[in-house]
Every structure is written in structure tokens, then in C-alpha cells.
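Chains, contacts and geometry: an overview
One letter stands for each residue in the lines below.
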Amino acid sequence: MIEMLQSGFMQRAFLAGVMVAYLAGFFGVFVVQRGLSFLGNGLAHAAFGGVALGILLDREPLWIAVPFTVAVSLGIVWLTERTRLGADTSIGIFFAVSMALGIIFLSQTERFTTDAFAYLFGSILAVRWSDIYAAGALVLLSVAVWRWWGHWAYATFDRELAQSDHVPCLRGDYLLAVSIAVTIVVSMKLVGITLIAAFLVIPAATARLLAVTFRAMTVISICIGVASVLLGLVFSWEYDLPSGPCVILTQAAVFTLAFAWKSLRSG
Amino acid sequence: MTVMAVETEGLEVRLGRHVALEGIGFRLPENGFLAILGPNGAGKSTLIKVLLGLQTPHAGSVRVFGHPAGRGPTREVGYIPQIKTLDRQFPALPLELVVSGIRGSWPWRIRREEREQAMEALTIAGMDRKLGTPLGQLSGGELQRVYLARSFVRRPRLLLLDEPATGMDALGEADMYRLLEGYRSHHKATIIMITHDWDVARHHSSHVLLLNRRQIGFGEAQEVLVGEALRQAYGHVGHAHPMTVQDSSRD
Ligand SMILES: Nc1ncnc2c1ncn2[C@@H]1O[C@H](COP(=O)(O)OP(=O)(O)O)[C@@H](O)[C@H]1O
Ligand SMILES: [Mg+2]
């Protein structure tokens, strides 16, 4: 235990973990309530395209993946807004194109296996200070745009009602998509690209089982997210397992407990 | 000169390639009570969205208290959407929905004066009980009362209601019309309501708009709700339903 807390990379993992868990818990409630889990999946695969480009160009993948994923998120909202295609179709198109580009980029480089494995499934060893700065910047940003919680919640409840009150719903959609995109990119080293959609969804879905108000759902989602990441990282350290699956399985265990508790109480 | 609450002229709305409304032109004076009638798909909800400024017309003009639709003072218009559009999965309590009407945003923390205002409106609407019940578990009639409270608390000059009688029992419905009439006379407010009930239109409204994509009639209920116009509105080309029209216009 002491050894774990003294190790530098574990300190970084905990620091980054708490921040990305907060972000995932906060934005996850909108993902769950608006039915956007496919968006999470699509953006995670877009992030893969960005990471692959970073590896190919021999740059820190984070700095390529952030603009790449943000551009894709803007493209998805734009295409959904401008055409009669459903969001799932726009996401599907961008998803496939980013994946295809990512695979082509990786096929051009030798250093595929080691780096890519960490990005796909998460690794506590991979977290650098740059990841912590990026996550910290996004946490600050999410606090700065706090008043958007009320706009997003209102538009999630009833978009037309919010629009009739002059809530800028479309601007809100862009801001939310960009925030989710950056959350995904800063979470990918710990959680892994393959599991990020679940990482965004499970704490919020658990909170949805327990909460009567959207505010309570947001608070519970953040708390469950942070607790699961801390526990999951300890398991990852103890048993020398990839961090992503450890975090997700911890979240799933919390979900199961909440579900059982809820069923017992109402049945 | 009487102030006009709503003035439209040559209004045409297209949704994609579908012409949802055309040739809509009417003038509703302030403090009027307009019932909008027409079959399903007639464009009634679309017209309400145009009045709210949510749907931009393809041609023609719409003015609400002299302003282009959706450009007037923020709290001037109150809107009660169709209950069936409610997302019952959204975790919320009645008080929060009412306070969202005061704030124009979803409340994180409800301030004391907001709570008092909201409670007063909920009491007037007869929904001061069941405050701990999530919206998703309320009946259609109870939800309608919460939405009424939400509208009253904003003190709008114009209140738009999309099929408010859906899911209400007879007593609840009578109660709702009493509340609407009370609000209208007390605040000199204007009310526009979509309904399928011709009797309600006859008894409560000052004006009736009969729609079926085109404007079939506008005026007082006795003038508009007559056999020929109703046949035009509700009868399908080639196979009209004369029985329905006769039965309902007899009483
Ligand atoms: N986004 C849309 N795109 C194309 N057609 C639409 C759209 N929304 C509604 N419609 C069509 O417009 C017509 C009018 O709809 P609406 O105003 O909801 O009718 P009403 O409220 O009178 O039942 C309907 O035939 C409906 O199918
Ligand atoms: Mg309708």
C-alpha cells in the first residue's frame, strides 16, 4: 500500500484518474439521458485515428488526438443538424472513416504493438504529466461553463421548451460534443479506447437508478465515477492487470449492487 | 384601437418537401381565446411552433404583439407542449419543472423566493400534493396541472397549449378550463389552444381556427363550425364522413 502510494507513476495515475472520473461522471449524465452512448463509442474510435497519426508522426499522440477528435465531434453535430440523417448514421460514417485512417497510419509504422496495446486497453504506466495538465484544463473548463449544466439539462428534458425560452440549444450541442470528445481523449490512456464508451455510461446509468432529480443524478454519477476509478487502479496495481478493464469491472460491480438494492427495495 | 395578439398573413410552412401549412391569415385580438381545430396532420402543432419562433415560415408574416414570432420579450409567451412528448425517463420533480419556467434554465438549487412562487402556482393549479412524486410517475392530468402552474408563474401575455385535454378526466378538464378562464380574465391574457373537442371550442373560445393544411375558416365558433367547413376540414376527398359531421353538429 505504502509502496503503491510512493511510486511516481501511480501518483500520476491516481491524479489523472480522479480528474477523468469527474469529467466522465459529469458529462456521462448527458450521454445517458440523451441516449448518446454511440457518440461516445464513435468519438473513442476517432481518438484512435488521432493516436495512430501521432504514433506515425512520432509526436505525443495526445496533442494530435485532441484536435482530431474535436474536429470529428464538430463534424458529427454539423452533419446531423444539416441533413435528415439520424445522429447514429452520422456517427457511423465518421467512426468508420477515423478507424480506417487509423489502421492505415499504423500499418505504416513499426512501433505498433506496444504503444497501441496501452491505448486500446489502458495502462497505469502510460500516464504522463501532459495528460494530467490536459485533464486539469478540462476540469477547470467544465467548472467555468457550469451555467451550461442548466441549459443542457433543460434541453435534455424538452428541447422545444428550452428553445422557446431562447436557450441556445445548437451551441449547447456543439459545446457538449466537444467536451465529450476531449473527455474521451484525456481518459484513453487510463481506460483504453475500447472501453471508454462504457466508462462514460456506467456511473451515470447507476446514478439514474438511484436519483429522483437530475442534480442528484449528476452528483451521484461523479461520486461513483471517482470511487470506481480509485478502486480499479488499486486492483490494476495489485494484480498487474490493464487499468481499463479493472475500472470498468469495478463500475459494473457498483451498478449491480445499486440494481440489487433498488430491486430489493421496490420488490 | 384593439391590440392584436397574433397577426398572420399568407403564411406558408414547408417541412422538407411537405407543405405543412399554406394560406394562413388571421388576426386574433388581445385577450382572445382561440381554439385551433383540424384533423391529425393538419399542421396545428406546426402553427404553434411558428408562433413560438421555433419554426421559420417559408413565406408570409407572423407577428406576436407586434414583434416577429420568437423575438418579443422572453417571458411574454407561455407554452404547454403535448404531454405525450414528455421524456418520462428524465429524473425530475414537479417543483423543478415549475422553477425552470421562472428561470428559463434547469435549476441546480432552488432559491427560497422561487420555491414560494412555484408553490403558490402549484396550489392554484391544484397540484400542491404529490410534490415528491417524479414527473415520470404522474398521470397525464397531473402533469398537465404542473405545466399549467409552470405557465402561470411566468405571467405570460399569451399562452399556447397543444392538446391540453389529453389524458384528463371530465372533472379535471372542467377544472382546467376554469383555471384558464380565470387566468385570462385576471391578467387580460390571450389563450391559443389546440383541441379536438368542438363543444369546448363552442363554449370557451372567442375565436375558432379550422385548419387542414390550408385555413378553412376563422371567426366565431358559430360561424366557423358549420357543416360545409367541417366537411372540408375532416372529410377525405372521395369518401367524406357525413355521419360524423351531422352527429356532432346537432347538439
Ligand atoms: N420534421 C418534419 N419533416 C417532415 N414532415 C413533418 C415534420 N414534422 C411534422 N411533419 C408532418 O407535418 C404535418 C403536420 O404535422 P403537425 O403540425 O404535427 O400536425 P397536427 O398537430 O395538426 O396533428 C404532418 O403530416 C407531419 O407528418
Ligand atoms: Mg399536433
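Our subject is the structure listed above.
This text gives an overview of the structure that appears in the document. Just so you know, these numbers come straight off a predicted model, no measurement behind them. (Residues numbered from 1 in each chain as written. Chains lettered and ligands numbered in written order. Predicted model: local features only at pLDDT ≥ 70, side-chain atom pairs only at ≥ 80, totals over all residues. Heavy atoms only, no water.)

**Focus on the overall build of chain A**
- Counting its regular elements, chain A contains 13 helices and zero strands.
- The N-to-C order of helical and strand elements in chain A reads α-α-α-α-α-α-α-α-α-α-α-α-α.
- What you see for chain A is a C-alpha radius of gyration of 18 Å, in line with the 18 Å of a compact globule of 267 residues.
- Expressed along its principal axes, the backbone C-alpha trace of chain A runs to roughly 55 × 45 × 35 Å.
- Within chain A, buried positions represent 55% of all 267 residues.
- Partitioning the intrachain contacts of chain A with sequence separation of at least 6 by distance along the chain shows that 76% fall at a separation of at least 24.
- With an accessible surface of roughly 11600 Å², chain A has 68% of that area assigned to carbon and sulfur atoms. (Helix = DSSP H or I, 4+ residues; strand = E, 2+ residues; numbered from the N terminus. Rg over C-alpha atoms; globule rule 2.2 N^0.38 Å. Buried < 20%, exposed > 50% of the residue type's maximum accessible area, 1.4 Å probe, protein only. Contact = heavy atoms within 4.5 Å. Areas by Shrake-Rupley, 256 points an atom, 1.4 Å probe, with all protein chains shown as cover.)

**Thoughts on the site of ligand 1**
- Around ligand 1, the surrounding shell consists of Arg84(A), Leu15(B), His18(B), Pro39(B), Asn40(B), Gly41(B), Ala42(B), Gly43(B), Lys44(B), Ser45(B) and Thr46(B).
- In this structure ligand 1 sits where residues from chains A and B come together.
- Within the contact set of ligand 1, an oxygen atom lies 2.8 Å away from a backbone nitrogen or oxygen of Gly41(B).
- In this structure, an oxygen atom belonging to ligand 1 sits 3.0 Å away from a main-chain N or O atom of Gly43(B).
- For the shell around ligand 1, the leading source of residues is helix α1 (residues 44-52) of chain B, giving three residues.
- Each residue belonging to the shell around ligand 1 can be placed in one class, and the counts come to three nonpolar, six polar and two charged. (Near = heavy atom within 4 Å. Polar contact = N/O pair within 3.5 Å; in protein donor to acceptor, adjacent residues only side chain to side chain. Nonpolar A, V, L, I, M, F, W, Y, C, P; charged D, E, K, R; others polar.)

**Some words on the pairing of strand β6 (residues 77-80) of chain B**
Residue and element names in this part refer to chain B.
- Burial along β6 is two-sided: Val 77 and Tyr 79 facing one way and Gly 78 and Ile 80 facing the other are all buried.
- In this structure, β6 lies alongside strand β7 (residues 158-161), joined through four bridges in parallel fashion. Bridge pairing in β7 links Val 77 to Leu 158. (Pairing = 2+ DSSP bridges.)

**A closer look at the interface of chain B and chain A**
- Taken together, the 34 residues of chain B in the interface contact 27 residues of chain A.
- Across the chain B to chain A interface the summed buried area is about 2500 Å²; carbon plus sulfur atoms make up 63%.
- On the chain B side of the contact with chain A, Pro91(B), Trp106(B) and Trp108(B) bury the most area, a combined 31% of that side's loss.
- At the junction of chain B and chain A, the tally comes to four salt bridges.
- Where Arg75(B) meets Asp165(A), a salt bridge forms, and the shortest distance between an N and an O atom there is 3.6 Å.
- For the interface between chain B and chain A, the tally reads nine residue pairs in polar contact (both at pLDDT 80 or more).
- If you list the elements that add at least two residues to the side of chain B that touches chain A, you get α1, α2 (94-103) and α4 (140-152) of chain B.
- In terms of residues, the side of chain B that touches chain A owes the most to one element, α2(B), which gives three residues. (Buried area = accessible area lost by both parts, 1.4 Å probe. Salt bridge = Lys/Arg side-chain N within 4 Å of Asp/Glu carboxyl O.)

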